[in-house]
Amino acid sequence: MKQLFDRYIAHTSEEPIGMEIERGEGVYLYGPHGRKWLDFISGICVTNVGHSAPEVVRAIQTQAALYLHPMVYGEAVMGPQVQYGAKIIELLNNNLKKIYFTNSGAEATEGALKIAKKYTGRGELVSCYNAYHGSTHGALSVGGNPKKKVGYGPLLPGVSHIRFNQEEDLDQITDQTAAVIIEVIQGTAGIILPKDNYLQKVRQRCDETGALMILDEIQTGFGRTGTMFALQGFEVEPDILLLAKSLGGGLPLGAFVAKEEIMAVIQKNPMFGHITTFGGNPVSCAAGLAAVTKILDEDLMAQMPAKEAILRQRLRHPAIQELRGKGLLFGLIFETFEFAEAVRKVAYDKGLLTLGFINIDNGLRISPPLTITEAELHTACDLMLSSVGEVWNSR
Ligand code: PLP
C-alpha cells in the first residue's frame with residue numbers, strides 16, 4: 001500500500017506522514033503489524049464523536065440502502081438534508097435561518113463570499129492575518145498567510161487584512177467592505193482565542209459600516225469548545241456562518257448558514273446563483289445528524305470542563321512555552337519548529353498522533369475526539385509528556 005501511495009497518490013509535502021490505516025474505533029486508529037495510535041487530532045476536528053461510531057455507521061448504512069444521490073442540491077426534498085438542516089438552525093437558535101450545504105469548508109467560504117458581495121453590492125473583503133478559510137482561489141485570497149499564496153496569483157482583488165484581536169485595525173472595515181471573514185478561534189494560526197470582546201467589536205464595526213460579518217466555525221463547531229458552536233461561548237451573532245469538518249460526522253460536508261434575506265440572493269437574477277452537484281449529500285447529512293445526536297444524547301459538552309482541566313493540569317513541562325485553547329481544542333507551543341517536529345515524531349512512534357499547524361511552525365495540535373474518556377486523556381498526556389521529555393533530554 002505504501003508503495004502504491006507513493007506511486008499514484010499526489011502528496012502534499014515531500015515527506016508525508018505516510019501512516020497506514022486499517023481501521024479506526026473510538027479514539028484509536030489501527031495500522032498493519034499491530035500498530036495503534038491514540039488520535040489526538042480527530043482528522044483536524046472532524047471525528048468529534050470518535051472513529052466509526054456505531055450510531056454514525058448505522059445511519060450511513062440505513063441511508064445508503066435507501067438512496068445515495070437522487071438530484072443536485074437545492075431542488076429536491078431529501079429527508080436527511082431537511083432534518084439535519086432544521087436541527088442545525090434549531091441548535092444555532094439565532095437569526096441565521098437558511099442553510100446551504102456544500103461539499104467542504106472551502107466551498108462554504110466561497111458561497112459566503114459570493115452572497116456577501118451580491119447582497120451588499122460591494123466588492124471589498126477584509127480578513128485576518130494568519131487566518132485559514134480553505135485552499136480554493138477565493139478562500140486562499142482571504143487566507144492570511146502570504147507564503148501559501150506564492151505562485152498561485154493573481155488571486156481575488158479587493159482583499160485587505162487586519163490583525164486578529166487588534167481593535168485599532170477595525171477602521172479598515174469601511175462602507176466599501178462587503179464582508180469581514182473571521183474565525184471564531186483562529187485554528188491554523190495555533191489556536192488563538194478572541195480576547196476583550198474582540199468579536200463583539202468586529203460585529204459593532206460591521207453594523208456601523210453595513211459590512212456583513214462572516215464567522216468561520218469550521219474547526220470549532222460541534223461541541224469542540226464546550227458549546228455546540230463556539231460562537232455561543234463568545235455571544236456573537238454573525239450574518240453568515242461557515243460549517244464543515246465535524247458537520248458530516250466523518251463524511252464530507254460543509255455549509256454556509258445565513259439570514260434569510262441574505263441567502264435569498266442566490267435564487268434570482270440569475271437563478272441558481274450558487275449550485276453544487278454533491279453538496280448536502282444525503283448520506284453525509286444522515287451521518288452528521290447521527291453524530292450531533294450522539295453529542296447531545298451523551299451530553300458530551302457537559303464533560304468538557306473536566307476534560308479541559310485534565311489537559312491544563314497535566315501538560316506542563318519546561319519545554320512547553322504555552323498551552324492555549326478551550327474545551328478540547330488546544331495548541332501546545334514550543335520554542336522552535338525543530339523541537340515541535342521532533343516531539344511529533346517521537347509521539348507518533350510511541351502511539352500518539354498529533355500534528356503541527358499550517359500558519360505557525362513551533363506548535364502541535366491537540367483536538368481529540370470529544371468522546372475520549374478521562375482515562376484515555378491521561379494516557380494521551382502520559383505519551384505526550386514522555387515524548388516532550390525524551391526530546392528535551394536529548395538536546
Ligand atoms: N476554515 C477553517 C477554519 C479550517 O480549519 C478549514 C480547514 O482546515 C477550512 C476553512 C477549509 O475547510 P476544507 O478543508 O473542508 O475545505
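That block above? That's the structure.
For the structure given in this document, a descriptive report is provided here.

What follows concerns helix H3 (residues 54-66). One turn of an α-helix holds 3.6 residues; hence residues three or four places apart share an orientation. Compared with the 18 Å implied by 1.5 Å per residue over 13 residues, the 19 Å span of H3 between its first and last C-alpha is a close match. Of all the positions in H3, only Val56, Ala59 and Gln63 are classed as buried. The buried residues of H3 occupy an angular sector of 65 degrees when projected down its axis, which confines them to one face. Turned more than 90 degrees away from the buried face of H3, the exposed residues are Pro54, Arg58, Gln61 and Ala65.

Close to the ligand lie Ser104, Gly105, Ala106, Tyr132, His133, Gly134, Glu183, Asp216, Ile218, Gln219 and Lys245, which account for all nearby residues. Glycine 105 is positioned such that a nitrogen or oxygen atom in its backbone is 2.8 Å from an oxygen atom of the ligand. In the model, a nitrogen atom of the ligand is placed 2.7 Å from a nitrogen or oxygen of the aspartate 216 side chain. Here the ligand loses 82% of its free accessible area of 390 Å² to cover by the protein chains. Class assignment for the residues of the shell around the ligand results in three nonpolar, five polar and three charged.

Attention shifts here to the pattern of salt bridges. A full pass over the atoms with the stated rule returns 18 salt bridges. The shortest N-O distance in the salt bridge between lysine 201 and glutamate 167 comes to 3.2 Å. Here lysine 201 is found in helix H7 (residues 198-209), whereas its partner glutamate 167 is found in the loop between strand E6 (159-162) and strand E7 (177-183), with 34 residues between them in sequence. Looking at glutamate 167, the relative accessible area reads 44%, which means it is partly exposed. We note a salt bridge from lysine 294 to glutamate 298, for which the minimum N-O separation is 2.8 Å. What emerges from the salt-bridge pattern is a single network uniting Arg203, Asp207, Asp239 and Lys259.

This structure, assessed with the given rule, holds nine aromatic pairs. Plain terms: the ring middles of tyrosine 28 and tyrosine 30 are 6.3 Å apart, the flat faces sit at 45 degrees to each other, and that makes the pair tilted. Each member of the pair, tyrosine 28 together with tyrosine 30, is buried. Linked through ring pairs, Tyr73, Tyr100 and Phe256 together constitute an aromatic cluster. Positioned above the aromatic ring of tyrosine 28 is the side chain of lysine 36, whose terminal nitrogen or guanidinium carbon lies 4.3 Å from the ring centre.

With respect to the secondary-structure elements, arginine 224 resides in the loop between strand E8 (212-216) and helix H8 (230-234). In this structure arginine 224 is buried but unpaired, with aspartate 39 as the nearest side chain of opposite charge at 8.4 Å. A polar contact is formed between the side chain of arginine 224 and the side chain of asparagine 48, at a distance of 2.7 Å.

Now for the environment of leucine 170. Here leucine 170 is to be found in the loop between E6 and E7. Under the relative-accessibility criterion, leucine 170 is labelled buried at 5%. Separated by 31 residues in sequence, leucine 170 and lysine 201 place their C-alpha atoms 8.3 Å apart. Those residues in contact with leucine 170 that sit more than four places away from it in its chain are Ile162, Tyr198, Lys201, Val202 and Arg205.

Sheets are built from strands paired through backbone hydrogen bonds, the pairs being either parallel or antiparallel. Pairing within the open sheet is mixed, and its four strands lie in the order E1-E2-E3-E13. Looking at strand neighbours, the two that pair on one side only are strand E1 (23-25) and strand E13 (352-353), the edges of this open sheet. Taken together, the two bridges between strand E3 (residues 36-39) and E13 define a ladder with parallel strand orientation. Residue pairing across strands places aspartate 39 opposite leucine 353, the latter belonging to E13.

For the rest of this paragraph, the subject is the environment of glycine 325. Inspection of the secondary structure puts glycine 325 in strand E11 (residues 322-326). Assessed through its relative accessible area of 7%, glycine 325 is described here as buried. As for glycine 325 and arginine 365, which are separated by 40 residues in sequence, their C-alpha atoms are 10 Å apart. Leave out the neighbours within four places in its chain, and glycine 325 touches Ile191, Leu193, Glu308, Arg312 and Phe330.

Reading the values: the criteria
Residues numbered from 1 in each chain as written. Predicted model: local features only at pLDDT ≥ 70, side-chain atom pairs only at ≥ 80, totals over all residues. Heavy atoms only, no water. Helix = DSSP H or I, 4+ residues; strand = E, 2+ residues; numbered from the N terminus. Expected span 1.5 Å × (residues − 1). Buried < 20%, exposed > 50% of the residue type's maximum accessible area, 1.4 Å probe, protein only. Arc of directions from axis to C-beta. Near = heavy atom within 4 Å. Polar contact = N/O pair within 3.5 Å; in protein donor to acceptor, adjacent residues only side chain to side chain. Areas by Shrake-Rupley, 256 points an atom, 1.4 Å probe, with all protein chains shown as cover. Nonpolar A, V, L, I, M, F, W, Y, C, P; charged D, E, K, R; others polar. Salt bridge = Lys/Arg side-chain N within 4 Å of Asp/Glu carboxyl O. Phe/Tyr/Trp six-rings, centres within 6.5 Å; stacked < 30°, edge-to-face > 60°. Lys NZ or Arg CZ within 6 Å of the ring centre and 35° of its normal. Lys, Arg positive; Asp, Glu negative; His and termini not counted. Contact = heavy atoms within 4.5 Å. Pairing = 2+ DSSP bridges.

By themselves, these observations are geometric and do not establish any function.
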